[in-house]
Structure formats: C-alpha cells, structure tokens
Amino acid sequence: MAHVMGVMCCLAIWEHAWSVPGSVVINVLAGALISPLWATLLMTALTSAGSLFATLLAAPLSPLVQRFVPKALDVVSIALQGSGNQKPGKRTPTWVRLVVMRLIGVVPWSGINIACGVCRVSFVDCAIGAFIGTLPWTAVTCQIGDILQTLAVGSTSGSPQTLSSLLGSPSIVFKLVVLSLLSLGPVLYRNKLSELLGGSNSPAEKLTLSEKEPISVSPKWKVWRWRRDSVDSRSTSPERRLEEDLDEKALLDGQ
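Thresholds applied
- Sequence order as written defines the numbering, with residues in each chain counted from 1.
- Thresholds applied to this predicted model are a pLDDT of at least 70 for local features of residues and 80 or more for the giving and counting of side-chain atom pairs; totals over whole chains, interfaces and linings are not thresholded and use all residues.
- Water and hydrogen atoms play no part in the side-chain values, which are based on all heavy atoms of the structure.
- UniProt positions are given in the numbering used here, feature names are shortened, and annotations may be inferred rather than shown by experiment.
- The definitions used throughout rest on a 1 Å grid laid over the protein atoms alone, on which a cavity is an enclosed set of points accommodating a 1.4 Å probe that cannot get out and a pocket is an open set flanked by protein within 12 Å on both sides along at least five of seven lines; lining residues are those having an atom within 4 Å of a point.
- Grid points are joined across faces, edges and corners, and a volume is the space filled by probe spheres set on the points.
- Secondary structure elements follow DSSP: runs of H or I no shorter than four residues count as helices, runs of E no shorter than two count as strands, and numbering proceeds from the N terminus.
- In this classification, Asp, Glu, Lys and Arg are treated as charged, Ala, Val, Leu, Ile, Met, Phe, Trp, Tyr, Cys and Pro as nonpolar, and every other residue, Gly included, as polar.
- By definition, pLDDT measures how confident the predictor is in each residue, and it falls between 0 and 100.
- We call two residues contacting when some pair of their heavy atoms lies within 4.5 Å.
- Burial classes follow relative accessibility: with a 1.4 Å probe on protein chains only, a residue under 20% of its type's maximum area counts as buried, one over 50% as exposed, and anything between as partly exposed.

For the protein chain, an unreviewed UniProt entry supplies the name VTT domain-containing protein and the organism Thanatephorus cucumeris. The Subcellular location (unreviewed entry) field of the UniProt record for the protein chain holds the comment "Membrane".

Caption draft 1: Just the layout of surface pockets, in detail. The volume enclosed by the largest pocket comes to roughly 210 Å³. For the largest pocket, the lining is made up of 13 residues, of which S23, V24, W109, W137 and T138 are closest to its centre. Of all the secondary structure elements, the ones that give two or more residues to the lining of the largest pocket are α2 (23-33) and α8 (123-156). For the lining of the largest pocket, the class distribution of residues is 5 nonpolar, 7 polar and 1 charged. Roughly 160 Å³ of volume is contained in the second largest pocket. Residue assignment for the lining of the second largest pocket shows that the elements contributing at least two residues are α1 (2-17), α2 and α7 (109-118).

Caption draft 2: Layout of the confidence of the model for the protein chain. Averaged over the protein chain, the pLDDT score is 77; the fraction of residues at 70 or greater is 67%. Looking at the elements of the protein chain, mean pLDDT is at its lowest for helix α12 (residues 219-235), recorded as 53, and at its highest for helix α3 (residues 36-58), recorded as 94. Residue range residues 200-213 is modelled with pLDDT below 50. Its contacts to residues more than four positions away, or to other chains, number 5 contacts.

Caption draft 3: Up close: unusual backbone geometry. Despite not being glycine, S19 has its phi angle at roughly 55°, a positive value. Looking at the element boundaries, S19 is found in the loop between α1 and α2. In this structure, R120 takes a positive phi of about 60° despite not being glycine. Looking at the secondary structure, you find R120 in the loop between α7 and α8. Here R120 falls in the exposed class, since its relative accessible area comes to 53%.

As structure tokens, this is what we get:
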C-alpha cells in the first residue's frame, strides 16, 4: 500500500509539473484507496507542489517572452497581479485572483502555472492560490473514487445489495449532495467570483455621465465650431434654399 501511494504521489507531481493529462484518474484512485478527507488533502498538496514546479520551469522563459511579445506579457501580468495604477487598498490580492481563475475553470490550470512563472508572480501567492483553488475540484474527484469503492464493496459482499439500495443509503446520498455542491458552487457563483478580479469601484467612479462635470472646451475648438456654423448658415441661406426648390420642381416636371 505504501509503495503504491508513493508511486501515485510521484506521478501526480510529475503530471502537474509537465502539464500531462491524467491527474483525475490518480485522484479517483486515491479516493478509492484511502479516506476521502485525507485523499483530498494529500492530492491537493501534491497538485500544489506540481503547480509550483511548473511555475519554476516556466520562469526562464520570462526574458524571451518579454523580448518578443511584451504587450501580451503586460496583459497577462495585469490579469494576474492587477494594474499598477490601482491603489493598494482597492487592488485584489494576487492569490485571490489565482484562486478565482482556478475555481472558474475558464483558463486551464497548466496555463495559469506557466503564466505565473513567466510573469514572475510571488511564490507564496502561487502556493496559496494553487492549494485553495484546486481544493474543491480535487475533493470532487476523490469523492467519486470513494463512491465507486463503496459501490464495488457493496456488490461483492456476502449479502449483496442492489444498486438502487446502495444509492439510497444515507451515506451515499450525503456524499452525492456534497459532490454536487462542490462541483456546482464555482459554476453558480461564477459572476460573483469574476467581480473579484475587477476590484471594487468607489462611489465617485460610479457616477453617470449626467452627474459628472462638463468637459471644458478649448478656444481652438470654439473657433472651429464657429467657422463650421457660419459655413452651414451660408449654405442654408434663402437664396440657396430657393435654388434647391426650383431644381426639385424642374425635376418633378420633367418626370
């Protein structure tokens, strides 16, 4: 058992460090072999460790990316760490941004790991964001493994039970409810989580256009507008309008 868990731990870290798919299978196996609680904590820690290794592996690419695509790097850096123009009190912490990005699930975890390394995000922020952000989804996969193990044991026991009776047991129902909450929570509160990335706006920033002070007009703009109005007034003089009416009448008579 210890040998199997050791191999699974090394494999989990290696997969996350090199962004290799298949970590879900390891989480399910861990949930089936040990308690779901300990499996969740263990696999979350391993996922965080693998993410940190991926960040370290991507860090040497920062000068290269800065040289060839500096604008794209600035955009990603603002998304991860916020804009430098914001006040420190209004800026959302970096680890909160990383947690929200991992919970929403729009950006792949491997992409977040690489972006953190390229943008030189703080190692502590990466660790906290990886642990909290991956905890719910890791708990879901480990819980699935525990449910599958419970169903397998119930079907092969001395007094076999039907699938409906197993699914109707209080323990399985409780596990399914917890599983649903963990999986649907980030999806249902996706908009609220996304608002954390934008930070909070002060009341002064929420003023409508009518409440804002009028924009002062420069003297050059006033002179240009006076010239334009004078030209328009000459073009719409009575003589000009009479000529236009005569031309229109002649056109109608010709038809």
